[in-house]
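Residue-level listing of the chains:
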Amino acid sequence: MERDRESVGLTSASQALISDLDALGWFSDAQDAARFCMAYAMRSGVAPGTSAGTDTRWAAGNFDKTGEIRALIMALYPTSETPVRLMEYFVNEGLRLVADRVRSDGVGPSDLLV
């Protein structure tokens, strides 16, 4: 069994994307932007996976203080034994998807909810 991560990390590409997204001022901080992007990836039907080459950004306990995100991931993806790794993957994939939509369609966060 693979050991789960204790932190949520970003790839170098995602670090640039979150900086750009954070600069738009849509979210109170980069962590909130990351949570939004994670949810966007999950809602968009991105298949579970893992992210390679990530650098630690947030402790899992700070990113998901109540454990509700991990509980949701375990409910939606019951075969996953590493919910923090899956959170990390969805954050990175969501950042890519959101950045693509913002660039191509010029949309804001409320437009991404529909």
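To be clear, the structure that these remarks concern was listed above.
Being a predicted model, the structure only gives us computed values, none of them experimental. (Residues numbered from 1 in each chain as written. Predicted model: local features only at pLDDT ≥ 70, side-chain atom pairs only at ≥ 80, totals over all residues. Heavy atoms only, no water.)

A. Here's a closer look at the overall build of the protein. The number of helices and strands found in the protein is six helices and two strands. When the helices and strands of the protein are placed in sequence order, the string is β-α-α-β-α-α-α-α. The C-alpha radius of gyration computed for the protein amounts to 13 Å, which stays within 12% of the reference 13 Å derived for 114 residues, consistent with globular compactness. Across its three principal axes, the protein shows a C-alpha extent of roughly 40 × 25 × 25 Å. Looking at the protein as a whole, 44% of its 114 residues are labelled buried. For the protein, long-range pairs separated by at least 24 residues make up 81% of all intrachain contacts whose partners lie at least 6 apart in sequence. For the protein, the exposed surface amounts to about 6100 Å²; the carbon and sulfur share of it is 51%. If the 11 positive side-chain charges of the protein are averaged to one point and the 16 negative ones to another, these points end up 1 Å apart. (Helix = DSSP H or I, 4+ residues; strand = E, 2+ residues; numbered from the N terminus. Rg over C-alpha atoms; globule rule 2.2 N^0.38 Å. Buried < 20%, exposed > 50% of the residue type's maximum accessible area, 1.4 Å probe, protein only. Contact = heavy atoms within 4.5 Å. Areas by Shrake-Rupley, 256 points an atom, 1.4 Å probe, with all protein chains shown as cover. Lys, Arg positive; Asp, Glu negative; His and termini not counted. Charge placed at Lys NZ, Arg CZ, Asp CG, Glu CD.)

B. Local environment of the pairing of strand β1 (residues 7–10). The side-chain alternation of β1 yields two buried faces, one formed by Ser7 and Gly9 and the other by Val8 and Leu10. By the bridge criterion, four bridges tie β1 to strand β2 (residues 55–59) in an arrangement that is antiparallel. Paired with Ser7 across the strands is Ala59, a residue of β2. (Pairing = 2+ DSSP bridges.)

C. Fine view of the environment of Ser7. Assignment of secondary structure puts Ser7 in strand β1. On the accessibility criterion, Ser7 (11% relative accessible area) is buried. C-alpha of Ser7 to C-alpha of Glu93: the two residues are 86 residues apart in sequence and 16 Å apart in space. Filtering out sequence-adjacent residues up to four positions away, Ser7 remains in contact with Thr56, Trp58, Ala59, Ala60, Val84 and Glu88. One polar contact links Ser7 to Thr56, side chain to side chain, over a distance of 3.3 Å. (Polar contact = N/O pair within 3.5 Å; in protein donor to acceptor, adjacent residues only side chain to side chain.)

D. Quick peek at the nonpolar core. Counting 34 residues, the largest nonpolar core has Met38, Trp58, Phe63, Met87, Phe90, Val91 and Leu95 as the members making the most contacts within it. For this core, the secondary-structure elements that each account for two or more residues are β1, α1 (12–23), α2 (30–43), α3 (60–63), α4 (68–76) and α5 (83–105). Ranked by the residues each element gives to this core, the list is headed by α5, at ten residues. Beyond its immediate sequence surroundings of up to four residues, Phe63 is in contact with Val8, Gln31, Ala34, Arg35, Met38, Trp58, Ile69, Met87 and Val91. (Core = buried A, V, L, I, M, F, W, Y, C linked by side-chain atoms within 4.5 Å.)

E. The packing of aromatic side chains, seen in detail. In the structure shown here, the tally under the stated rule is four aromatic pairs. Ring geometry for Phe27 against Phe36: centres 5.2 Å apart, planes inclined by 45°, an arrangement best described as tilted. Between Tyr77 and Phe90, the aromatic rings sit 5.3 Å apart at their centres with planes inclined by 40°, giving tilted as the arrangement. Of the two residues, Tyr77 is situated in the loop between α4 and α5 and Phe90 in helix α5; the sequence distance between them amounts to 13 residues. The burial state of Tyr77 is the same as that of Phe90; both residues are buried. Pairwise contacts between aromatic rings join Tyr77, Tyr89 and Phe90 into one cluster. One Lys or Arg, Arg35, reaches over the ring of Phe63 and ends 5.1 Å from the middle of that ring. (Phe/Tyr/Trp six-rings, centres within 6.5 Å; stacked < 30°, edge-to-face > 60°. Lys NZ or Arg CZ within 6 Å of the ring centre and 35° of its normal.)

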